[in-house]
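Below, each chain spelled out in residue letters.
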Amino acid sequence: MKLYDKVANDLRENINAGLFVAGEKLPSIRQLTAQYSVSISTVQQAYHRLEMERLIEARPKSGYFVSVKTIIPARPKTSRPAQRPIDVSQWQEVLEVLLSKQNVDTIQLQHAMPNMTEATIKPLLKKMTELMRHQVDLSLPYGDITGSVVLREQIALLMTNSGCALHPDDLVVTSGCQEAISVCLRAVTQPGDIVAVESPGFYGAMQAIKAANLKAIEIPTNAESGLSIEALELALEKWPIKSILVTPTCNNPMGYTMSEANKKRLYQLAQSYDISIIEDDIYGDISYQSPRPKTIKSFDEDGRVLLCDSFSKTVAPGIRVGWIAPGRYRDKVTHIKYVSSSMCPALPQLAIADFIKSGLYNKHTRRLRLLYKQGREHLITCIKRFFPADTRISFPQGGYILWVELNKEYDTIKLVAQCKQGGVSIATGPLFSATGKYRSCMRLNFSEQTNIQREQGICQLAFYINQQVPFSEFKIIN
């Protein structure tokens, strides 16, 4: 047994035996170093292991504490979308969100943007500056159409954590995950084809379907277990579906992670009907689970899974470095990528590759996972305190967004105009449907705000929500 395992096991036993209770501060690193006659790094590794097990949590400048068990809120109901292929609408609504300019004082609960203020991102910025100063010539000539081999090597190593055995030549670098999804859709379909999608689902993916002149068939999802395999099978029996587009790990907008068994079932179903799966894994590296959840791609035996990913949600969206593991569709994906945008800029690729190779990417995502988990607990607490009593809330297993379902008498479309005046921004439910469903729902993020800002934003939202119904139906707040 390694030394840090011994320390971790002793602490775990003491916590389980009740010697340390929920919320209690644990011994400092220096205390444990002296007690066990081990190095500081040994104790840090022990604490990190218990963090990953969610037994303890780190509080900045305060130390380590026994985790307080969260009371999981009432989850949103299983969705009930139209069970037929439909044309995707909602572009104007999505465009308004993308073009919206917010006051610096606005409490931003709308966009799915990562925390970009942590010190763990600074080495990447420093590396980009160095490349711009000393190796700018690398960005001038044409590069490899499939992306920097240095980056592809690091991505291949990184993806072993998700169960994937990839060679650098299996990968194609893209300008973010949005381009990756768009390229994959065009590689596996023809105009007029039908694509199965989660409902609610990411609006960027919906618009990629619209741009490719495809039809979407929305498949019901459950806030805990994810996409309904049974409903998908019924749809496959009835309609000539050509591909399945899913975000099974830390889903956007609901936050669920499908079980490994259901991911495998989904893959086997695609095998049975001989269709492709486009898997969006953009939030996978910031899952709260340890080890990181496997991808559907990890079960892929015949190259039918096209895995899409990016560093936009784990590092920064402006870097625009994404990638595809396209399996059997590699040649077609490479051709479509070439005719759509040719190569990707070299310097961001080299900077990200260095960030991964140095171990700093893992350090960065580890830090963010802890912050996001704390943000989830705080946001849920605020919603339960201030929103109507019958509000349903998803319980994300990673990332930094969650789904809120209000009573059907509320309308989040009407809420938006009021929110703008009140200095709060939200993403309304209809954005996440091909046909504008989920008017009583919204997606909120918990990545960027301080606790004070987050609570102020939720209070402001609750005020506007309560204006939509008779006062007697409010939840009274003391």
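All figures in this text were calculated on a predicted structure; none of them were measured in a lab. (Residues numbered from 1 in each chain as written. Predicted model: local features only at pLDDT ≥ 70, side-chain atom pairs only at ≥ 80, totals over all residues. Heavy atoms only, no water.)

**As for the overall build of the chain**
Selection rule: Each helix is a run of H or I in the DSSP string that is no shorter than four residues. Each strand is a run of E no shorter than two, and both are numbered from the N terminus. Our radius of gyration is a C-alpha quantity, and the globule rule it is checked against amounts to 2.2 Å times the number of residues to the power 0.38. For the exposure calls, accessible area comes from a 1.4 Å probe over protein chains only, and a residue counts as buried if that area is under 20% of its type's maximum, exposed if over 50%, partly exposed in between. Note on contacts: a residue pair is in contact if any heavy atoms of the two residues lie within 4.5 Å. Using the Shrake-Rupley algorithm and a 1.4 Å probe, accessible areas are obtained, with residue cover drawn only from the displayed protein chains.
The secondary structure content of the chain amounts to 15 helices and 17 strands. For 478 residues, the compact-globule formula gives about 23 Å, and the C-alpha radius of gyration of the chain, at 23 Å, lands near that figure. Residues counted as buried form 56% of the 478 residues belonging to the chain. Expressed as a percentage of contacts within the chain between residues at least 6 apart in sequence, the contacts between residues at least 24 apart total 75%. Surface summary for the chain: the accessible area is close to 21,200 Å², and the carbon and sulfur share equals 53%.

**Structural notes on helix α15 (residues 451-466)**
Condition: Expected span, for any helix, means 1.5 Å times one less than how many residues it has.
With 16 residues, α15 should reach 22 Å at 1.5 Å per residue; the first-to-last C-alpha distance of 22 Å fits that figure. Turning to α15, its buried residues are R454, G457, I458, L461, A462, Y464, I465 and N466.

**Considerations on the pattern of salt bridges**
Note the threshold: Whenever a carboxyl oxygen of Asp or Glu lies within 4 Å of a side-chain nitrogen of Lys or Arg, that contact is scored as a salt bridge.
Using the criterion set out here, one finds 20 salt bridges in the structure. Close ionic contact of R292 with D285 constitutes a salt bridge, the shortest N to O distance being 2.8 Å. The same class applies to R292 and to D285, which are both buried. One salt bridge connects D302 with R304, and the closest N-O pair in it is separated by 2.9 Å.

**Brief notes about the layout of surface pockets**
Test applied: Think of a 1 Å grid over just the protein atoms. A cavity is a set of points where a 1.4 Å probe fits yet cannot get out, a pocket is an open set with protein on both sides within 12 Å along at least five of seven lines, and lining residues have an atom within 4 Å of a point. Grid points are joined across faces, edges and corners, and a volume is the space filled by probe spheres set on the points. Residue classes follow a fixed rule: Ala, Val, Leu, Ile, Met, Phe, Trp, Tyr, Cys and Pro count as nonpolar, while Asp, Glu, Lys and Arg count as charged, and any other residue, Gly among them, counts as polar.
Approximately 490 Å³ is the volume found for the second largest pocket. The wall of the second largest pocket is formed by 25 residues, among which L98, Q178, F202, Y203 and K313 lie closest to the centre. For the lining of the second largest pocket, the secondary structure elements donating two or more residues are α4 (91-99), α7 (176-188) and α8 (203-211). With 4 residues, α7 is the largest single contributor of residues to the lining of the second largest pocket. When its residues are assigned to classes, the lining of the second largest pocket shows 13 nonpolar, 8 polar and 4 charged.

**A short note on a nonpolar patch on the surface**
Note the cut-off: Residues qualify for a patch when their relative accessible area is over 30% and they have no salt bridge, like charges being joined within 9 Å and the nonpolar side chains of Val, Leu, Ile, Met, Phe, Trp and Tyr within 5 Å.
Residues W91, L98 and L99 make up a contiguous nonpolar surface patch of roughly 320 Å² in combined accessible area. Inspection of the secondary structure puts W91 in helix α4. Overall, the relative accessible area of 35% leaves W91 in the partly exposed class.

**Section: the pairing of strand β9 (residues 241-246)**
We count it as follows: For two strands to count as paired, DSSP must find a minimum of two bridges between them.
Extensive coverage of β9 is indicated by the burial of 5 of its 6 residues. Two elements, strand β6 (residues 194-199) and β9, share 4 bridges in a ladder whose sense is parallel. In the strand pairing of β9, I194 is matched with I241. For β9 and strand β10 (residues 276-280), the ladder comprises 4 bridges, and the chain directions are parallel. Within the sheet, the bridge partner assigned to S243 lies in β10 and is S276.

**Remarks on the sheet that holds strand β17 (residues 441-445)**
One open sheet holds the 4 strands; their spatial order is β13-β14-β17-β16, and the pairing between them is antiparallel. Looking at strand neighbours, the two that pair on one side only are β13 (392-393) and β16 (427-428), the edges of this open sheet. Two strands pair when backbone bridges link them, and β13 and strand β14 (residues 401-405) are joined in this way by 2 bridges, in the antiparallel orientation. Counted as the bridge partner of R392 is E405 from β14.

**Comments concerning the confidence of the model for the chain**
Our working definition: You can read pLDDT as the predictor saying how much it trusts each residue, on a scale of 0 to 100.
Looking at the chain as a whole, its pLDDT mean stands at 91, while 97% of the residues score no less than 70. With pLDDT under 50 throughout, residues 470-478 is counted as low confidence; its partners more than four residues away or in other chains account for 13 contacts.

**Quick notes on empty space enclosed by the protein**
In total, this model carries 4 cavities of 30 Å³ or more according to the counting rule given. Estimates place the volume of the largest cavity at around 90 Å³. Forming the walls of the largest cavity are I181, V197, E198, G201, F202, A205, M206, L245, V246, T247, N252 and D280. Secondary-structure elements contributing two or more residues to the lining of the largest cavity are β6, α8 and β9. Classifying every residue of the lining of the largest cavity gives 7 nonpolar, 3 polar and 2 charged. Considering the residues around the second largest cavity, the lining is formed by E51, M52, R54, Y288, R369, L370 and K373.

**What to know about the side chain of S312**
Stated formally: Throughout this description, a polar contact denotes any pair of N or O atoms lying within 3.5 Å of each other; where both atoms belong to protein, one of them has to be capable of donating a hydrogen while the other can accept it, and for residues adjacent in sequence the pair is counted only when both atoms sit in side chains.
By the element assignment, S312 lies in the loop between β11 (305-310) and β12 (322-325). At 2.9 Å, the side chain of S312 forms a polar contact with the side chain of S310. Once residues within four sequence positions are removed from consideration, S312 is found in contact with P114, I282, P317 and R320.

**Some details on the environment of T295**
The residue T295 is located in the loop between β10 and β11 in this model. For the pair T295 and P248, spaced 47 residues apart in sequence, the C-alpha separation works out to 8.0 Å. The contact partners of T295, leaving out residues within four places of it in the chain, are M159, S162, C164, E279, D281 and L307.

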